[in-house]
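# Chain and residue survey
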Amino acid sequence: MTSVTVLVPAKVNLQLAVGAVRPDGYHELVSVFHAVSLFDEVTVRPADRLTVTVEGEGEGVVPLDRSNLAVRAVELLADRLGQRPDVHVHLRKGIPVAGGMAGGSADAAAALLACDTLWRGATPREMLRRLGAELGSDVPFSDLGGTAIGTGRGERLAAVPSVGRFHWVFALADGGLSTPAVYGECDRLREVAGEPVPVPAPREELVAALRAGDAAALGAAMSNDLQPAALSLRPALRDTLDAGRAAGALGALVSGSGPTCAFLAADEAAAKTVAVALEESGTCRTTRVAYGPVGGAKVVPTPRLRTNESTPGVG
Ligand code: ATP
């Protein structure tokens, strides 16, 4: 086998309920993950040593050293399989970086599956997801895809049945937001408010809306406990959310830790209308129209080699 390519989706949190900080430092979470049709493509091929290149979203920003989650995934799997991690990893990124859409986690999930396929590890998917959870809470969902409720620190998953296809617009912002900084701001705001921290639980209306394929009900039921913190750190996102709502979005919220904003639309045509209005409003860098749910990480036929794959980054 000369190379393996894996396609992996972004996620949006339809609900993100954030509870108390646990003794291990993570927050207790209930997260309703939903995989959407914005993809990263991760290609691995044998090489003299572990190297990585990046193309697309975040080119020049995404780290090329061992802080890259895909690199850490390769090293983790190699260690478990008793294999040398000598591969070149090429990331073609369509998922916004540091945008609250789990791009790094997606690349880690994809790198695990791609290397396991390249090395003929035959590791069960459930085991790959458990390995992924060691790298980050969102990694197992990137492998699973669809719509799922995550509990614990978000890594224990139960699939949620849903009907039909939901249409989304994502407003991408300039620059990212640091996930730990947003959680820190959430804790700070809660301390200032002095209210008891709620025990996170999935919203019944949300699960019912998914089961019924009811976009209007889903739009009304979506929520994100990190949104006040993201808006506190980036107040201009309020204008983005308002612009999408004014253009007819059924629901609008900050995606995960932000700063990407997610808008649910009634159908594909409505999504295009919302996207145009957002771009004209000048409240975001650009928009992407997508749909969900889509499946998780999957091996695809290897694309033709691209010219800028030739400059390795990691030693
Ligand atoms: P999440 O939604 O899981 O909190 P995010 O979408 O906000 O994550 P990522 O795109 O995963 O954020 O990037 C967060 C940071 O992780 C980036 O600023 C970057 O420095 C680092 N990073 C490490 N590996 C990757 C990768 N493969 N792709 C993108 N960023 C990566």
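Source: prediction; values computed, not measured. (Residues numbered from 1 in each chain as written. Predicted model: local features only at pLDDT ≥ 70, side-chain atom pairs only at ≥ 80, totals over all residues. Heavy atoms only, no water.)

## Digging into the environment of Leu241
By the secondary structure assignment, Leu241 is in helix H9 (residues 237-246). The exposure class assigned to Leu241 is buried, which follows from its relative accessible area of 2%. Along the sequence, Leu241 and Glu268 sit 27 residues apart, while their C-alpha atoms lie 19 Å from each other. For Leu241, the contacting residues outside a window of four places in its chain are Gln227, Leu231, Ala252, Leu253, Val254, Cys261 and Phe263. (Helix = DSSP H or I, 4+ residues; strand = E, 2+ residues; numbered from the N terminus. Buried < 20%, exposed > 50% of the residue type's maximum accessible area, 1.4 Å probe, protein only. Contact = heavy atoms within 4.5 Å.)

## Re the packing of helix H1 (residues 69-81) against helix H2 (residues 103-118)
Contact pair H1 / H2: the axes reach a minimum separation of 8 Å and the direction vectors enclose 35 degrees. H1 and H2 meet at a crossing whose hand is right-handed. When H1 is examined against H2, the residues Leu69, Ala70, Ala73, Val74, Leu77 and Leu81 are found in contact with a partner set consisting of Gly104, Ser105, Asp107, Ala108, Ala111, Leu112, Cys115 and Asp116. Residues of the contact of H1 with H2, tallied by class, amount to 10 nonpolar, 2 polar and 2 charged. (Axes fitted to C-alpha atoms, helices over the stretch in contact; angles between N-to-C directions. Left-handed = near helix turned anticlockwise from the far one by under 90°. Nonpolar A, V, L, I, M, F, W, Y, C, P; charged D, E, K, R; others polar.)

## Quick look at the domain arrangement of the chain
Assigned domains of the chain: these are domain 1 (4-160) and domain 2 (166-292). Domain 1 and domain 2 are separated by 22 Å when their C-alpha centres are compared. Taken residue by residue, the interface counts 31 residues in domain 1 and 37 residues in domain 2. Taken over both partners, the interface formed by domain 1 and domain 2 buries close to 2600 Å², and the fraction arising from carbon and sulfur atoms is 64%. A per-residue breakdown of the area domain 1 buries against domain 2 is headed by Leu14, Leu16 and Val18, which together make up 21% of the total. Here domain 1 is connected to domain 2 by 2 salt bridges. Between Arg288 and Glu57 there is a salt bridge whose closest N-O contact spans 2.9 Å. When residues of the side of domain 1 that touches domain 2 are traced back to their parent elements, those giving at least two are strand S1 (4-21), strand S2 (27-46) and strand S5 (147-151). Top contributing element to the side of domain 1 that touches domain 2 by residue count: S1, with 11 residues. Grouping the constituent residues of the side of domain 1 that touches domain 2 by class yields 19 nonpolar, 9 polar and 3 charged. (Domains from an automatic or database assignment. Buried area = accessible area lost by both parts, 1.4 Å probe. Salt bridge = Lys/Arg side-chain N within 4 Å of Asp/Glu carboxyl O.)

## Some remarks on the state of the cysteines
Overall, the coordinates contain 0 disulfides when judged by the stated rule. There is no disulfide at Cys261, and the cysteine sulfur nearest it, in Cys284, is 8.5 Å away. Residue classification places Cys261 among the buried positions, given a relative accessible area of 0%. (Disulfide = S-S within 2.5 Å.)

## A short note on the packing of aromatic side chains
Summed over the entire model, instances satisfying the criterion amount to 2 aromatic pairs. Aromatic side chains Phe33 and Phe141 sit 4.8 Å apart centroid to centroid with 10 degrees between the ring planes, which places their arrangement in the stacked category. Of the two residues, Phe33 sits in strand S2 while Phe141 sits in helix H4 (residues 139-144), which places them 108 residues apart along the sequence. Like Phe33, the residue Phe141 is buried in the burial classification. Note on Trp168 and Phe170: the rings are 6.1 Å apart at their centroids and 20 degrees apart in plane angle, and the pair reads as stacked. Of the two residues examined, Trp168 and Phe170, each falls in the buried class. (Phe/Tyr/Trp six-rings, centres within 6.5 Å; stacked < 30°, edge-to-face > 60°.)

## Description of the pattern of salt bridges
When the charged atoms of two side chains with opposite charge come close together, those side chains can pair. Counted according to the given criterion, the structure contains 20 salt bridges. In this structure, the salt-bridge partner of Glu185 is Arg188, at a minimum N-O distance of 2.9 Å. Placement of both Glu185 and Arg188 in helix H5 (residues 179-193) is noted, with a separation of 3 residues, approximately one turn of the helix. Residue class for Arg188 comes out partly exposed when judged on its relative accessible area of 43%. Here the salt bridges share partners, and the residues they tie into one network are Glu57, Asp174, Arg285 and Arg288.

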